There are 4 protein chains.
Amino acid sequence: MDELRTSKFHVLKSDTEPMAQWRITLNDVIFGAESKPGKTFDIILIIAILLSVSAVILESIVSINTPLGKNLYIVEWVFTIAFTVEYGLRLVCVRHPLKYALSFYGLIDLLSIIPTYLSLLVPGANSLLVIRIFRILRVFRILKLFHYIREAETLAEAMVAGRRKIIVFLYFICTLVVVFGCVMYLVEGSVNGFTSIPRSIYWAIVTMTTVGYGDLTPTTAFGQLIASMMMIIGYAVIAVPTGIYTAELSKAIVRKRDVRGCVGCGKNGHEVESDYCRYCGEKLPE
Amino acid sequence: MDELRTSKFHVLKSDTEPMAQWRITLNDVIFGAESKPGKTFDIILIIAILLSVSAVILESIVSINTPLGKNLYIVEWVFTIAFTVEYGLRLVCVRHPLKYALSFYGLIDLLSIIPTYLSLLVPGANSLLVIRIFRILRVFRILKLFHYIREAETLAEAMVAGRRKIIVFLYFICTLVVVFGCVMYLVEGSVNGFTSIPRSIYWAIVTMTTVGYGDLTPTTAFGQLIASMMMIIGYAVIAVPTGIYTAELSKAIVRKRDVRGCVGCGKNGHEVESDYCRYCGEKLPE
Amino acid sequence: MDELRTSKFHVLKSDTEPMAQWRITLNDVIFGAESKPGKTFDIILIIAILLSVSAVILESIVSINTPLGKNLYIVEWVFTIAFTVEYGLRLVCVRHPLKYALSFYGLIDLLSIIPTYLSLLVPGANSLLVIRIFRILRVFRILKLFHYIREAETLAEAMVAGRRKIIVFLYFICTLVVVFGCVMYLVEGSVNGFTSIPRSIYWAIVTMTTVGYGDLTPTTAFGQLIASMMMIIGYAVIAVPTGIYTAELSKAIVRKRDVRGCVGCGKNGHEVESDYCRYCGEKLPE
Amino acid sequence: MDELRTSKFHVLKSDTEPMAQWRITLNDVIFGAESKPGKTFDIILIIAILLSVSAVILESIVSINTPLGKNLYIVEWVFTIAFTVEYGLRLVCVRHPLKYALSFYGLIDLLSIIPTYLSLLVPGANSLLVIRIFRILRVFRILKLFHYIREAETLAEAMVAGRRKIIVFLYFICTLVVVFGCVMYLVEGSVNGFTSIPRSIYWAIVTMTTVGYGDLTPTTAFGQLIASMMMIIGYAVIAVPTGIYTAELSKAIVRKRDVRGCVGCGKNGHEVESDYCRYCGEKLPE
């Protein structure tokens, strides 16, 4: 979650170590989102990212790439150079360039520009160019811009709080699809398309998650019976992750709600109806 | 939600500016739903709307349109003229005709009659006639009639309260399908039907939402592995919007329940049917 | 729900109007489930119902019906005569035979035996015989036997409590599929299989509910875009009925939990943490 | 759940009946997970299980089995012998060997080794070898290792608490698919692929659970209408198990949270991390 904020790279006035004024200003524009120039920079950046992602997508469509390929090539280089300059500026104005370069966003920022340069060096590395699509992850910065970070944090917090239960659930699902996949491999066999256990497990996942492509379906009566059981299990078992997440999210929302800090011990996270601090027994402010 | 009520166009007796008596009466019939004539008008209107929508639907079936086309044409004109008269009356009896014309229902009401007239002017604009189907949105007025507005409001309130979380979730889903779509474009390639990134993203959405048409399915072992991961993610992640909405709806229902505070102990959160405070036994205000 | 209990046809000793002893005893066996003979009767009945339903199902399988058709015919008549006798006994030992005959179970009981007799009178009415499958509804009596009525009632209570919200939701879904169905009819057209508006609406329902047969899929780029939007809406909107039902069920369960009656006014339904009756202010028993 | 722990086979020092020291030590290593050797043993065991399961899966892929069949055969025997030794040691060091042999894990452990031996005796019993996949159930012991037992128990507890409601729901679903299956058998008939009632019920399950393979789809207009109704029911009814499980899980989580009562005001329901009563400020017991 800290990664999402990226605020750790934002220089604050209270920081002790002095930095050149131009670096502080630049940092404020690039990493901050409170000042006017900071906001403008973020908006321009997000538009540029979305345009460059669109260019990558359009490039993959043959009927568009054939006539407009050259234009898209130029557009691509314009964005790559712009993003390279931006990446350089980020490195320059941050207090710890290496920390930034190795952070989640630092890596994504680098991944956004490298493929274009590599395509010059390695001929035929065009498939590599699709990696540029990861640029879209950069747009997560938009959350910061519109103050959606709190919401993202609450959602993530509930996910983290329920992670052990979710892992147990996923483990249970995995066991179930392996067992059912093997049973179907025995029951239906290669004749009906269940040519190997991995393929049967793939079918079991398609069925259990209620996706149901229909590229592989049971044809024997017994196979259809087992498939029916799987479907009903899959249909009912969706209740488990939903129950886990709903329960955890309700708690996370309630926890967020009360922001009173205790005057005795400074802790917060009290429930709305509490009158006394549950950590030190001090009376809470109204 | 205010749009749903349309009561802002209903003239109330307490309104200061005087209006001719016939306009007030007409307004009461057309916009109100409390008086007997108002209710009758609403019921007739809703039946007319449903009939005209059915006519539009029937018209699209070749085996019905070939023999009965002429009758449906007449029916269509009868409804169009009736709705035109109704639209005119609405404009006449409302205090601010322009405000009504530009409101959600005003536009829908206009959209319900225009296509039929346009088909006279523009030959071959038959495909335009399908727009008449938007008449069905007019039926939302039925909610007002049966006092379901409160329920619709509670549902909408929970949606609004959780909108920021839902946007973050949708944003997360969009990123996921773009990234997975691109990965599958690389892995499966044009040979297996993944001819472009938009088409791969379409496949990713079909898979993630557990729709699973099967018009496009992974054929390589690695593609099936990635697809399996996507399905399990999509299957588990449905828990997020459900959790958000359940949590917000529970709050919205409780909030609706009661706002009375106890005069004895000051506590609130009492159920609507309570007469006495459940904490101190004091009588609650009506 | 009262229908599920069927206890209204169970004669109680406290009933004022006198009935012949054999009728009371018979009533106790057939309608009651507390006494030993009553339980035995219920178990035999349920086994008979399940066997007769299995016979109907087996009859529909050609490879089984061809060699065993005659045996199944005999089995069918044995069950029909047994159920006819049972139906007669029910009519005889109940206080108000007509009331029973017109009740939900009375009609189902009648529907279970009529088709077999009709197949004698009306030749070729074999398709009518499938109606016998409604016998399966008689098995709901098993809930009474195993004391699952309370659970069924809680589930139904939550459904009833949320019915207005669920109707608003279903209404919203219906409008959505009609509008999207029409849009797809325009966009894809007859060439791609969207031959009429009803067929397009059918497609919209298949897509929105995430069933996704794949018998009808969008082929144009714009159609796939609209379909993608529908899928994401359908995927997220499932949260609404789940939210409604979860909220109502939680309330219904809590309501069931506390069974303390107030000594002051006799009302119950207090919350577990309440100390005073919320209706009359009397102190509640611990 | 007790089965999951397997701790009942773990000899404790407080046990009265004396056992030879080497058996106690061995028991500690094999059944315990607290000591260093116990943990090491568990990790090695889980790796061995996963490898042997992978071998079974790889064996089923023709393109891998043809060249590497012999190697996999050797690997299989190595694991079988290792698991046989382990099974013997478990029998030796447990206080009640028979009880262990008949326990859930005891049977799974036996089932993991028997098929390989049987394949020697019974020629052509290769399909039997797939049963070895049940080895994967042994991995559930990993939960004990990483202290996920509590989470698994909470999830199972909620399932158990809601089991009666879930049974009523499943019963309701089964009735619904039987009735709808029969109706579709009548409406669509053999011509459209609905060749028997069981096949129609299979279709009904595929549709109701929103899996939607598309191997069997309604083709008549009336059939599509009924299918649409089923889909909407199936789409909305998923709310029921989710509602049940969410409600029960919330209760199970809260119940787990705390059982401490306040000595000052007697209230309980405090959160686990609380040190002081939130109602009266009294210090809570540790």
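Residues numbered from 1 in each chain as written. Chains lettered and ligands numbered in written order. Predicted model: local features only at pLDDT ≥ 70, side-chain atom pairs only at ≥ 80, totals over all residues. Heavy atoms only, no water.

- As recorded by an unreviewed UniProt entry, chain A carries the name Ion transporter and is attributed to Reinekea marina.
- Looking at the Subcellular location (unreviewed entry) heading of the UniProt record, one finds this comment for chain A: "Membrane". (UniProt positions renumbered as here; feature names shortened; annotations may be inferred.)

**So, the confidence of the model for chain A**
Interpretation of the predicted coordinates at a detailed level should be avoided for regions scoring low in pLDDT.
All names here are of chain A.
Working step 1: A residue-level look at chain A finds 80% of positions with pLDDT of 70 or above and a mean pLDDT of 82.
Working step 2: The least confident element of chain A is helix 1 (residues 2-5), whose mean pLDDT is 44; the most confident is helix 10 (residues 197-208), at 94.
Working step 3: Counting contacts from residues 1-6, a segment whose pLDDT is below 50, to residues more than four positions away or on other chains yields 17 contacts.
Working step 4: Complex prediction metrics read pTM 0.85 and ipTM 0.83. (pLDDT = per-residue confidence, 0-100. Helix = DSSP H or I, 4+ residues; strand = E, 2+ residues; numbered from the N terminus. Contact = heavy atoms within 4.5 Å.)

**Considerations on the packing of helix 9 (residues 163-187) of chain B against helix 10 (residues 197-208) of chain B**
Two measures define how a pair of helices packs: the angle their axes make with one another and the distance between the axes.
Residues and elements named next belong to chain B.
Working step 1: Close contact between helix 9 and helix 10 brings their axes to 8 Å; oriented N to C, the two are set at 120°. Overall, the two elements helix 9 and helix 10 adopt an arrangement that is oblique. Pair helix 9 / helix 10 crosses with right-handed handedness. Facing helix 9, whose interface residues are Ile 173, Leu 176, Val 177, Val 178, Gly 181, Cys 182, Met 184 and Tyr 185, helix 10 presents Ile 197, Ser 200, Ile 201, Trp 203, Ala 204, Ile 205 and Met 208.
Working step 2: A per-class count over the contact of helix 9 with helix 10 returns 13 nonpolar, 2 polar and no charged. (Axes fitted to C-alpha atoms, helices over the stretch in contact; angles between N-to-C directions. Parallel < 35°, antiparallel > 145°, perpendicular 65-115°, else oblique. Left-handed = near helix turned anticlockwise from the far one by under 90°. Nonpolar A, V, L, I, M, F, W, Y, C, P; charged D, E, K, R; others polar.)

**A closer look at the nonpolar core**
Working step 1: By size, the foremost hydrophobic cluster in this structure holds 277 residues, and its most contacted members are Trp 203 of chain A, Trp 203 of chain B, Trp 203 of chain C together with Trp 203 of chain D.
Working step 2: Trp 203 of chain A has contacts with Met 184, Phe 194, Leu 216, Thr 217, Pro 218, Ala 227 and Met 230 of chain A together with Tyr 213 of chain D, leaving out every residue within four places of it along the chain. (Core = buried A, V, L, I, M, F, W, Y, C linked by side-chain atoms within 4.5 Å. Buried < 20%, exposed > 50% of the residue type's maximum accessible area, 1.4 Å probe, protein only.)

**As for the environment of Phe 194 of chain A**
All names here are of chain A.
Working step 1: By the element assignment, Phe 194 lies in the loop between helix 9 (163-187) and helix 10.
Working step 2: Taking the relative accessible area as the measure of exposure, Phe 194 reaches 0% and is therefore buried.
Working step 3: The sequence separation of Phe 194 and Leu 216 amounts to 22 residues, and the corresponding C-alpha distance is 7.7 Å.
Working step 4: Setting aside residues up to four positions removed in sequence, Phe 194 forms contacts with Met 184, Tyr 185, Glu 188, Gly 189, Ser 200, Trp 203, Leu 216, Thr 217 and Pro 218.

**A few points about the side chain of Ser 60 of chain C**
Working step 1: Of note, Ser 60 of chain C is situated in the loop between helix 3 (36-59) and helix 4 (62-93).
Working step 2: Residue classification places Ser 60 of chain C among the buried positions, given a relative accessible area of 8%.
Working step 3: Of note is the side chain of Ser 60 of chain C, whose polar atom sits 2.8 Å from the backbone nitrogen of Ile 197 of chain D.
Working step 4: Dropping the residues within four chain positions of it, Ser 60 of chain C is found in contact with Tyr 185, Thr 195, Ser 196, Ile 197 and Pro 198 of chain D. (Polar contact = N/O pair within 3.5 Å; in protein donor to acceptor, adjacent residues only side chain to side chain.)

**Thoughts on the packing of aromatic side chains**
Working step 1: Per the stated rule, a full pass over the model turns up 24 aromatic pairs over all chains.
Working step 2: A ring pair is formed by Trp 77 of chain C and Tyr 117 of chain C, whose centres lie 5.5 Å apart and whose planes are at 70°; its orientation type is edge-to-face. Of this pair, Trp 77 of chain C sits in helix 4 while Tyr 117 of chain C sits in helix 6 (residues 104-121), placing them 40 residues apart in sequence.
Working step 3: On the basis of relative accessibility, which here comes to 32%, the residue Tyr 117 of chain C falls in the partly exposed class.
Working step 4: Centre to centre, the rings of Phe 194 of chain C and Trp 203 of chain C are 5.4 Å apart; their planes meet at 70°, and the pair counts as edge-to-face. Neither Phe 194 of chain C nor Trp 203 of chain C differs from the other in exposure class; each is buried.
Working step 5: Each member of the aromatic cluster is reached from another via a ring pair, and the members are Phe 31, Tyr 87 and Tyr 100 of chain A.
Working step 6: Here the guanidinium or amino end of Arg 138 of chain C rests over the ring plane of Phe 83 of chain C, the centre of that ring lying 5.0 Å away.
Working step 7: If you follow Arg 90 of chain D out to its NZ or CZ, it ends over the ring of Phe 31 of chain D, 5.1 Å from the centre. (Phe/Tyr/Trp six-rings, centres within 6.5 Å; stacked < 30°, edge-to-face > 60°. Lys NZ or Arg CZ within 6 Å of the ring centre and 35° of its normal.)

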